[in-house]
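The lines below spell out each chain.
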Amino acid sequence: MPSRDRRLMAAGVQERALRDDYSFAARVFARRVLAHYAVVRLLVAPQLQPHLIAAYAFLARTDDLADQGPLEQRLPRWRAWSEQVGAGLESGRAEDPVLRAFLHTVSVRQLPHHWVLAYLKATDEELHFTGHATEADFQHYVDTLALPALMLVEDLQHEGGGDEVFRSRCRSFAEGLQRLDFLTDLTEDLGEGRLYLPQEHLDRFGVTRATLEQGEDTAAVRELVAYTCRRTRQALTDSQALLDCTAPSFRPLQRALLELAEHQLSRVERTGSAVTRRTVGYGVRKPLAVLLRERRRSTA
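Every chain begins its residue count from 1, and numbering advances along the sequence as written. At least 70 in pLDDT is required for a residue's local features to be given in this predicted model, at least 80 for side-chain atom pairs to be given and counted, and no such filter applies to totals for whole chains, interfaces and linings, which use all residues. To get the side-chain values, all heavy atoms of the structure are used, and hydrogens and water are removed first.

Caption draft 1: A look at the packing of helix α2 (residues 16-32) against helix α6 (residues 97-108). To get an axis, fit a line to the C-alpha atoms, keeping to the stretch in contact for a helix; angles then go from 0 to 180 degrees between the N-to-C directions. Only runs of H or I of at least four residues qualify as helices and only runs of E of at least two qualify as strands under DSSP, and these elements are numbered from the N terminus. Axis separation between α2 and α6 bottoms out at 8 Å; the angle between their running directions is 110 degrees. Judged by the inter-axis angle, α2 sits roughly perpendicular to α6. The two elements α2 and α6 meet at a crossing, and its hand is left-handed. Counted together, Leu 18, Asp 21, Tyr 22, Phe 24, Ala 25 and Val 28 of α2 and Pro 97, Val 98, Arg 100, Ala 101, His 104 and Thr 105 of α6 form the full contact between these two elements. Here roughly perpendicular refers to angles of 65 to 115 degrees, roughly parallel to angles under 35, roughly antiparallel to angles over 145, and oblique to all remaining angles. Crossing handedness is read from the near helix: turned anticlockwise from the far helix by less than a right angle, it gives a left-handed crossing, and turned clockwise, a right-handed one. Contact between two residues is taken to exist if any of their heavy atoms lie within 4.5 Å; hydrogens are not considered.

Structure follows, in structure tokens:
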């Protein structure tokens, strides 16, 4: 496995101070999601690794600033960060090392600025989120938040960004991942006073928010979960076409992400209505098997 310096040189990061920024971003990402960091390190081509890590660290930093603590504390801190990011896109400079690394990645990989700006705008709106009334509201959420967040990572594999076909296939993946997150994090979200499943879907099956909060095992809840799983499965199935326009340097990671999403969905399907009472993860054996298989393929 190439050394840190060789990976940074391959990625076009030559200045010592900038290398320190990328190293700091790597620590932020690793502390936040160590398993995901390890997957990127093992499956992504060396010249792309630092840029993906910088993007993931930026997403983690932004998410933490927007989500952690009471709203009255989050708002001023979030707005200061949003303004710093916006100014950084214009000047290429920033005070925060994670942001400096990300801005360099944006420049080197020619990441379209509109993805960053759309993500910031939607995150700002998310601070006051009260729920999705309809399926159309959810689709708007995918277009304005889930897709831009995903593209901050996915678009890095194509210098200057991918084409419209690539974007449309990423959109299917964003929808599938978002529906999956709504199910796997349902218990945690309800505990924090949030519900992302569209009210329209609850009404369709006669499920109330109170029923979900109380973790009741009813036929209606089982039908709601099964319905959401079917829609998630369709979006993830559509996402398989994404592999056809994935860059070779990104393909091992892309295959792993797609397979693990479907694996996690299968676990949700087996869990059924109990998703209202416990979160659903990936387990251990399957992720390790996928990681080892893709690692072997990428080094063969």
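Caption draft 2: Local environment of the packing of aromatic side chains. Centres within 6.5 Å are what make two rings of Phe, Tyr or Trp a pair, Trp counting through its six-membered ring; a difference in plane orientation under 30 degrees is then read as stacked, over 60 as edge-to-face, and the rest as tilted. Under the counting rule described, the total for this entry stands at twelve aromatic pairs. With a centroid separation of 6.2 Å and 55 degrees between ring planes, the pair formed by Tyr 141 and Tyr 196 is classed as tilted. Of the two residues, Tyr 141 is situated in helix α8 (residues 135-154) and Tyr 196 in the loop between α10 (186-191) and α11 (199-205); the sequence distance between them amounts to 55 residues. Tyr 196 gets classed as buried once you look at its relative accessible area, which sits at 10%. In textbook terms, an aromatic cluster arises when at least three aromatic residues are bridged by ring pairs, as seen for Phe 129, Phe 138, Tyr 141, Phe 182 and Tyr 196. The buried label applies to any residue whose accessible area, calculated with a 1.4 Å probe on protein chains only, is under 20% of its type's maximum; exposed applies above 50%, and partly exposed to all values in between.

Caption draft 3: Geometry of the pattern of salt bridges. Here, a salt bridge means any side-chain nitrogen of Lys or Arg that lies within 4 Å of a carboxyl oxygen of Asp or Glu. Under the counting rule described, the total for this entry stands at 23 salt bridges. The closest approach of N and O atoms between Glu 259 and Lys 286, which form a salt bridge, is 3.0 Å. Separated by 27 residues along the polypeptide, Glu 259 in helix α14 (residues 251-271) and Lys 286 in helix α15 (residues 285-299) bring together distant segments of the chain. Under the relative-accessibility criterion, Glu 259 is labelled partly exposed at 23%. Of the residues examined, Lys 286 reaches a relative accessible area of 32% and is grouped as partly exposed. A network of salt bridges, in which partner residues are shared, links Glu 135, Asp 143, Arg 171, Glu 175, Arg 179 and Arg 231.

Caption draft 4: Quick look at the side chain of Gln 139. Looking at the element boundaries, Gln 139 is found in helix α8. Taking relative accessible area as the criterion, Gln 139 reaches 19% and is therefore assigned buried. Polar contacts here mean pairs of N or O atoms no more than 3.5 Å apart (in protein, one a potential hydrogen donor and the other a potential acceptor; neighbouring residues in sequence count only if both atoms are side-chain atoms). Engagement of the side chain of Gln 139 in a polar contact is seen with the side chain of Glu 135, the distance being 2.7 Å. What Gln 139 contacts, discounting residues up to four positions off in sequence, is Arg 171, Glu 175 and Arg 179.

Caption draft 5: How the structure looks around the packing of helix α4 (residues 49-67) against helix α5 (residues 71-91). Look at α4 against α5: their axes get within 8 Å of each other, and the N-to-C directions meet at 150 degrees. By the angle between their directions, the pair α4 and α5 is classed as roughly antiparallel. The segment α4 lies against α5, with Phe 58, Arg 61, Thr 62, Asp 64, Leu 65, Ala 66 and Asp 67 engaging Arg 74, Arg 77, Trp 78, Trp 81 and Val 85. Residue type decides the class: Asp, Glu, Lys and Arg count as charged, Ala, Val, Leu, Ile, Met, Phe, Trp, Tyr, Cys and Pro as nonpolar, and the leftover types, Gly among them, as polar. Split into classes, the residues belonging to the contact of α4 with α5 amount to six nonpolar, one polar and five charged.

Caption draft 6: Main features of the nonpolar core. Here, the term nonpolar core denotes a set of buried Ala, Val, Leu, Ile, Met, Phe, Trp, Tyr and Cys residues that are joined through side-chain atoms within 4.5 Å. The biggest cluster of nonpolar side chains holds 95 residues, and the ones touching the most others in it are Leu 52, Phe 58, Phe 102, Val 116 and Leu 152. Ranked by residue count, the leading element in this core is α8, at eleven residues. Apart from residues no more than four positions distant in its own chain, Phe 102 is found in contact with Ala 54, Ala 55, Phe 58, Leu 111, Val 116 and Leu 152.

Caption draft 7: Seen up close, the side chain of Thr 105. By the secondary structure assignment, Thr 105 is in helix α6. If sequence neighbours within four positions are ignored, Thr 105 has contacts with Tyr 22, Pro 50, His 51, Ala 54, Gln 110 and Leu 156.

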